[in-house]
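# Coordinates in review
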Amino acid sequence: MFEFIRTHQRLMQILLAVLILPSFVLFGNTDALRSIGKEAGIATVAGASITQGEFDQALRDQLDRMRQMYGPQFDAKMLNTPEARQSILDELIARKAMAGEIAVKKLAISDATLQDNIAKMPGLVKDGKFDNAEYTRLLAQQGMTPAMFEQRLRQDMVLQQLLGPIQASAFVPKTVAERLSAINEQEREVQMLMFKPEDFAARVKVTDEMLKAYYEKNAAQFEIPEQINAEYVVLNSEVLAEQITVADADVQAYYKANEKSYTTEEQRRASHILIAAGKDSSDADKAKAKAKAADILAQLRKKPEDFAKLAKENSEDPGSKEKGGDLDFFGKGMMVPQFDESVFKLKQGEISELVQSDYGFHIITLTAIRPAGVKTLDEVKAQIAADIKKQKAAKAYTEAAETFGNVLYEQGESLKPAAEKLKLKIQTVNGLTRNSKPGVPATVETNNPKFLKAIFSDDVVKKKHNTEAVEVAPNTLIAGRILEYKPASKRPFEEVKAAIQAQVTATEAAALAEKEGIAKLAALKTADSTTGFAEAKVVSRLKNQDIPAVALVDLMRADVQKLPAFVGTHLGNAGYVIFRIGKVTAGTPDAARRASEAQQLTSMQSAQNLYSYIELLKQKSKVTVNKAAVTAPVTAAP
């Protein structure tokens, strides 16, 4: 599939693909290790120690990544389990084992190979020369220097040297892949007989003793959790920004200093027709694709107004085909090089010659040009003022946060002093519980787990003090104070009696449905009958016909050597179902799907090969683990 890979996106993907752990974890940087080498070892791998410091740092790195991933909903307790810590240690051990194997095999990436790899990144070569300024700029956007990136890229490449051959060794016999595809494709003609609980409800006899027993046994269902009505104040950059005024002179000065930011480069709009022939295609396939493209181009030379029509009929780029080949506007350097070079030479309305790229042969027409320009001060004045407010608010936040925390503590009987000093609004919220409410947006500060933990702390509940200032998002603090505390209670039996009766009736009715279904299944296996069964339909693992997953599993693994065959499945409170299988066929093979399934099997085999290889390296490395050290507490990075 043809994709227009934008230069910046391609580099960002490479940046994200490199390994996250510090390089000394993998390559044993002696200076880094020397600084922590005196610490107690948490494990040894081939004689090399994994120190408590390395383990704690890896844990903190993971905490930081999860904090970014989950945002306000993040809770450090997610990693405060033996399983999570063991997983992190296993990763460190695997990397140490791989580092040892890299050293044994003397694998390395030369400077020339590294630089050649970087030079081939799209968009970093201009006028035939490597654009070092652009390279540095893109890395800076990711918070990296060239040295940091190159160290990590080298690390990634040497790992690929080690693991690439293992991944490439994955092989799934064709007969196995075909057999698994055939199992997926097999079709069974089935009829269903449902035993629905509601059909048995009238036969259920429910007593008060049954209801009270359910009430006592399932007491947790009827608990009303403790609740808090509270008042709170929020300090964040947005609140501070609202208190800031920006002078026109500041806006004008900002505009002049950043005028380049408001300059837009020329953009072009084009449509194309792609006849696919990837770089790995055979010469014969490329020749065939080129001939087809040439024939389409000849038609367009005669009737250029048919471009959109011919694109819909012939283009093999699914992203633009249905739009008549339209690619919308884009800037220079945002397309693959051959395409980019051609489109920026065309005049509006002109159709190109055949353009070959790694994706195949393109026919391009330029449909519009959006010239370069500079936005006026009036156009960007409001945005500049907002940006300046944000910058000033960000600077003011650090000092305000310190004041906020101090006043909350020093005058802990009320939120009013902090609110008045920092011009904050005191708000109220009712019905807070210890746990976050599902479905409430993560941006709601009072639903944040850390704030809830603070407001429900013993000191705040018993002494009615202010909470401490709690960070619930970057540059966002909240503090609260209890107005009313309601202890946990239990809903009275009479209040929930009707709901319990409905639940008990449903459960008993489902049991009766299952009992009758099982009896009917036994009878059918003795004497075939279609009475009561629904109309027959064809089912496969690929076409489940809305059959519940648990029932589909039973249906498709039922023994069909003798037909008709019968199988039953318990559906919980939905009752019981019997399937009558009357016919089994091989189904219709789909070459494209089979190829995809074979590729998935190969990928799974490749992953299994990698796992087995790394486990073998760990065994060779004679790993020892200090289990007590793994459970030692570590403080999350602030």
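Here we summarise the structure given alongside this text. (Residues numbered from 1 in each chain as written. Predicted model: local features only at pLDDT ≥ 70, side-chain atom pairs only at ≥ 80, totals over all residues. Heavy atoms only, no water.)

### Some points on the pairing of strand E16 (residues 476-486)
- Of the strand pairs in this sheet, strand E7 (residues 227-236) and E16 are connected by 10 bridges, and their pairing is antiparallel. What sits directly across from valine 234, in E16, is isoleucine 478.
- Hairpin connection, strand E15 (residues 470-473) to E16: the antiparallel pair is bridged by 2 residues, and asparagine 475 has positive phi, about 55°. (Pairing = 2+ DSSP bridges. Helix = DSSP H or I, 4+ residues; strand = E, 2+ residues; numbered from the N terminus.)

### A short note on the pattern of salt bridges
- Per the stated rule, a full pass over the model turns up 30 salt bridges.
- In this structure, the salt-bridge partner of lysine 620 is glutamate 101, at a minimum N-O distance of 3.5 Å. On the criterion of sequence distance, the pair formed by lysine 620 in helix H22 (residues 591-620) and glutamate 101 in helix H5 (residues 82-105) is long-range, its members being 519 residues apart.
- Close ionic contact of arginine 434 with glutamate 226 constitutes a salt bridge, the shortest N to O distance being 2.2 Å. Taken together, the positions of arginine 434 in the loop between strand E14 (427-432) and helix H18 (449-455) and glutamate 226 in the loop between strand E6 (223-224) and E7 put the pair 208 residues apart, joining distant regions of the chain.
- Looking at arginine 434, the relative accessible area reads 44%, which means it is partly exposed.
- When its relative accessible area of 13% is taken as the criterion, glutamate 226 is described as buried.
- Within this structure, Glu185, Asp590, Arg593, Arg594 and Glu597 form a network of salt bridges that share partners. (Salt bridge = Lys/Arg side-chain N within 4 Å of Asp/Glu carboxyl O. Buried < 20%, exposed > 50% of the residue type's maximum accessible area, 1.4 Å probe, protein only.)

### Comments concerning the nonpolar core
- Counting residues in each nonpolar core, the largest one holds 40 residues, and the members touching the most others are Ile50, Leu89, Met98, Ile118, Phe149 and Leu153.
- Sorting the residues of this core by element identifies strand E1 (41-45), helix H4 (52-70), H5, helix H6 (111-119), helix H7 (132-141), helix H8 (146-168) and H22 as the ones contributing at least two each.
- When near neighbours in sequence (up to four residues on either side) are disregarded, methionine 98 contacts Leu159, Leu162, Leu163, Ile614 and Leu617.
- Core analysis: the second largest hydrophobic core is formed by 19 residues, Val233, Leu235, Tyr397 and Leu424 among them. (Core = buried A, V, L, I, M, F, W, Y, C linked by side-chain atoms within 4.5 Å. Contact = heavy atoms within 4.5 Å.)

### A closer look at the packing of aromatic side chains
- With the rule as written, the count across this model stands at 7 aromatic pairs.
- A centroid spacing of 6.1 Å and a plane angle of 65° characterise the contact between tyrosine 135 and phenylalanine 149, whose relative ring orientation is edge-to-face. Here tyrosine 135 is found in helix H7, whereas its partner phenylalanine 149 is found in helix H8, with 14 residues between them in sequence.
- Among the residues examined, tyrosine 135 registers a relative accessible area of 2% and is labelled buried.
- For phenylalanine 149, a relative accessible area of 0% corresponds to the buried category.
- Ring geometry for tyrosine 215 and phenylalanine 493: centres 5.3 Å apart, planes at 75°, overall edge-to-face. Within this pair, whereas tyrosine 215 is found in helix H10 (residues 208-217), its partner phenylalanine 493 is found in helix H20 (residues 493-526), the two being separated by 278 residues in sequence. A single burial state applies to tyrosine 215 and to phenylalanine 493, both of which are buried.
- Grouped by ring-pair contacts, the aromatic residues Tyr215, Phe222 and Phe493 constitute a single cluster.
- Geometry around phenylalanine 329 places arginine 370 over its ring, the cationic atom sitting 3.9 Å from the centre.
- Residue placement shows lysine 490 over the ring face of tyrosine 215; its charged tip is 4.2 Å from the ring centre. (Phe/Tyr/Trp six-rings, centres within 6.5 Å; stacked < 30°, edge-to-face > 60°. Lys NZ or Arg CZ within 6 Å of the ring centre and 35° of its normal.)

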